[in-house]
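The residues making up each chain are set out below.
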Amino acid sequence: MSTDTSTEESQTHASARRAKGEFVRGVSGFRHAIGDPEFPPEPGRYHLFVALNCPWCHRVKLARAVLGLEDAITLDVAFPNRTGDDDPVGPNLWQFAPDKVASLTGGTLPECTPETGTGEALRLAKQIYRREGSDEQSVPILYDKVAGRIVNNESAEIIRMLDAHAEALGSTRADRPHLVLEDPSLAELNDLIYTTINNGAYKAGFSSDQQVYANAFAAYFDTLETLEKRLSDGRPYLLGDAFTEADLRLFPTLYRHDPVYYVRMKLNGARILDYPHLWCWLCRVYALAGVAEAGSLIHCRQGYFGRSWNGVVPLGPMKPMSYPEAYLHPELAG
């Protein structure tokens, strides 16, 4: 079966590539769908486990918001820092720990929740997988509370099934967008954005090979130039007048770029603020109903920098304005 390069990375020679220092994203193992006979689309049946610093979770939470599913699909939010070496189960695990204190704020994070989806008050995302005999530990997780099973843990597929079944799942928005269109341009954009921007940021930031980093860096900024030119004709969104899946996929990475990825992922070629059309697009999407509330730069800063080599979280940028307040000002790029 061929790999959908807008959904997952090719695993060809993955071990050898990792050994040479390349970041290679793994493949999600749970690929059921809402609409399968055992997972009917019903309001109140499904639950999401997410972390707000994770861009893959962010795009799922964005879909839940713009599709009007916030009342129909319940949600738990993990603490942005994963477990440490002193954890009895192990390090680097997503944890549901609303009482943990964030070093950035000196207090707890109000968005963080205990685990409520399984009814067992589990502490770790890994424990949700262990109930089904899996060693996976990633988020997001789409969970069926009635069947007590994981439906899917691939964010691109979760977005599409929420879009396809929004009405049956209990959407409260009559004006919700249709994210997925039968348009070859959408498939091409999804592939480009996933490969060079979404996953490309991680290639740049987490690969230890200089040439892999350089290639990812070049591809990332080449795509930003391509998208800037695409938006220069005055269209509000990537495919024209309608907000689609391509916009939703692009937003989490660009939302993180100036305040986080510019430093943490070594993507310091330019800010999004330096691309006037992309900046206005970013502000336009941020202004859509539910979008601002679907993310948190506090969680992003804490999650990306709080688990770096010394755990210190940068406080900026502050010029020309702090983030995310800057996203309310499209004129900053003028």
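Note that the structure is a prediction, hence the values are computed from the model and not measured. (Residues numbered from 1 in each chain as written. Predicted model: local features only at pLDDT ≥ 70, side-chain atom pairs only at ≥ 80, totals over all residues. Heavy atoms only, no water.)

**A few points about the packing of helix α2 (residues 55-66) against helix α8 (residues 245-264)**
Working step 1: Contact geometry for α2 and α8: axes closest at 9 Å, N-to-C directions at 125 degrees. With respect to α8, the element α2 is oriented oblique. The two elements α2 and α8 meet at a crossing, and its hand is right-handed. For the pair α2 and α8, contact is made by Pro-55, His-58, Arg-59, Leu-62, Ala-63 and Val-66 and by Leu-248, Arg-249, Phe-251, Pro-252, Tyr-255, Arg-256 and Tyr-261, respectively.
Working step 2: The residue makeup of the contact of α2 with α8, split by class, is 9 nonpolar, 1 polar and 3 charged. (Axes fitted to C-alpha atoms, helices over the stretch in contact; angles between N-to-C directions. Helix = DSSP H or I, 4+ residues; strand = E, 2+ residues; numbered from the N terminus. Parallel < 35°, antiparallel > 145°, perpendicular 65-115°, else oblique. Left-handed = near helix turned anticlockwise from the far one by under 90°. Contact = heavy atoms within 4.5 Å. Nonpolar A, V, L, I, M, F, W, Y, C, P; charged D, E, K, R; others polar.)

**Points about the sheet that holds strand β5 (residues 141-144)**
Working step 1: Taking strand neighbours across the sheet as the criterion, the 4 strands line up as β2-β1-β5-β6 in an open arrangement whose pairing is mixed. Of all the strands in the sheet, just β2 (74-77) and β6 (149-152) have a single pairing partner and so form its edges. Between one strand axis and the next, the sheet turns through 30 degrees on average, direction left out of account.
Working step 2: Where helix α4 (residues 155-164) meets the sheet, its contacts fall on β1 (46-50), β5 and β6, and the angle it forms with β6 comes to roughly 90 degrees. (Pairing = 2+ DSSP bridges.)

**Concerning the packing of aromatic side chains**
Working step 1: Considering all chains together, one arrives at 20 aromatic pairs under this definition.
Working step 2: With centroids separated by 4.8 Å and ring planes inclined at 50 degrees, the aromatic side chains of Phe-217 and Phe-221 adopt a geometry described as tilted. Residue Phe-217 and its partner Phe-221 are located together in helix α7 (residues 210-231), separated by 4 residues, close to a single helical turn.
Working step 3: Following the ring pairs from residue to residue traces out a cluster consisting of Phe-251, Tyr-255, Trp-279, Trp-281, Tyr-286, Tyr-323 and Tyr-327. (Phe/Tyr/Trp six-rings, centres within 6.5 Å; stacked < 30°, edge-to-face > 60°.)

**Focus: the pattern of salt bridges**
Working step 1: Applying the stated criterion across every chain yields a total of 10 salt bridges.
Working step 2: In this structure, Arg-271 engages Asp-274 in a salt bridge whose closest nitrogen and oxygen atoms are separated by 2.8 Å.
Working step 3: Residue classification places Arg-271 among the partly exposed positions, given a relative accessible area of 29%.
Working step 4: Taken together, the shared-partner salt bridges connect Glu-42, Arg-45 and Asp-144 into one network. (Salt bridge = Lys/Arg side-chain N within 4 Å of Asp/Glu carboxyl O. Buried < 20%, exposed > 50% of the residue type's maximum accessible area, 1.4 Å probe, protein only.)

**Observations concerning the nonpolar core**
Working step 1: Membership of the largest hydrophobic core comes to 91 residues, with the highest contact counts inside it found for Trp-279 and Trp-281.
Working step 2: Excluding anything up to four places from it in sequence, Trp-279 contacts Asp-258, Ile-272, Leu-273, Tyr-323, Ala-326, Tyr-327, His-329, Pro-330, Leu-332 and Ala-333.
Working step 3: Phe-79, Ala-97, Leu-109 and Cys-112 belong to the second-largest nonpolar core, a separate cluster that totals 5 residues. (Core = buried A, V, L, I, M, F, W, Y, C linked by side-chain atoms within 4.5 Å.)

**A short note on helix α10 (residues 297-305)**
Working step 1: Counting buried positions over the 9 residues of α10 gives 8, a clear majority of the element.
Working step 2: Those residues of α10 lying buried are Leu-297, His-299, Cys-300, Arg-301, Gln-302, Gly-303, Tyr-304 and Phe-305.
Working step 3: The secondary structure elements touched by the buried residues of α10 are α2, β2, β3 (101-102), α6 (184-206) and α8.
Working step 4: Its side-chain oxygen placed 3.3 Å from the backbone nitrogen of Ile-298, Ser-296 serves as the N-cap of α10. (Polar contact = N/O pair within 3.5 Å; in protein donor to acceptor, adjacent residues only side chain to side chain.)

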